[in-house]
Amino acid sequence: KSVHSPSAPPFHIRHAPGYARGGSKCLLSALDFSGLVALGGFEFRPRDPSPLLERCEECGGCEMQRLVSGAPSVIGYLKKTDP
């Protein structure tokens, strides 16, 4: 699937190797936000557990349609760092 917005170029989402062997049916439930870096003056802390994983476990199915429709999802928190 391809995901895009007017402010960012499209990017492609693919199944990880071994995805078909089991686990969640939602590709987004396995996204890891721990590698995100905040802009200067802030630090990013990902929400744990991932809200995408929680929703997949609670509701079943995939989160792609919900997110593409514009539903917000809190993936982490920004904390202002000392100057």
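Residues numbered from 1 in each chain as written. Predicted model: local features only at pLDDT ≥ 70, side-chain atom pairs only at ≥ 80, totals over all residues. Heavy atoms only, no water.

(A) How the structure looks around the confidence of the model for the protein. In this model, the protein carries a mean pLDDT of 77, and residues with pLDDT of at least 70 account for 69%. Within the protein, the lowest mean pLDDT, 49, falls on strand β1 (residues 2–5), and the highest, 92, falls on strand β4 (residues 76–80). (pLDDT = per-residue confidence, 0-100. Helix = DSSP H or I, 4+ residues; strand = E, 2+ residues; numbered from the N terminus.)

(B) Quick peek at unusual backbone geometry. Geometrically, the link from Asp 48 to Pro 49 is a cis peptide bond, its omega value of 5° lying close to zero. With respect to the element layout, Pro 49 can be found in the loop between β3 (42–46) and α1 (51–59).

(C) Focus on the pattern of salt bridges. Scanning the model with the defined rule gives 3 salt bridges in all. Among the ionic pairs, Arg 47 bridges to Glu 54, the shortest N-O distance being 2.7 Å. A salt bridge links Arg 66 to Glu 63; the shortest N-O distance between them is 2.7 Å. Arg 66 gets classed as partly exposed once you look at its relative accessible area, which sits at 21%. Salt bridges sharing partners connect three or more residues here, namely Arg 55, Glu 63 and Arg 66. (Salt bridge = Lys/Arg side-chain N within 4 Å of Asp/Glu carboxyl O. Buried < 20%, exposed > 50% of the residue type's maximum accessible area, 1.4 Å probe, protein only.)

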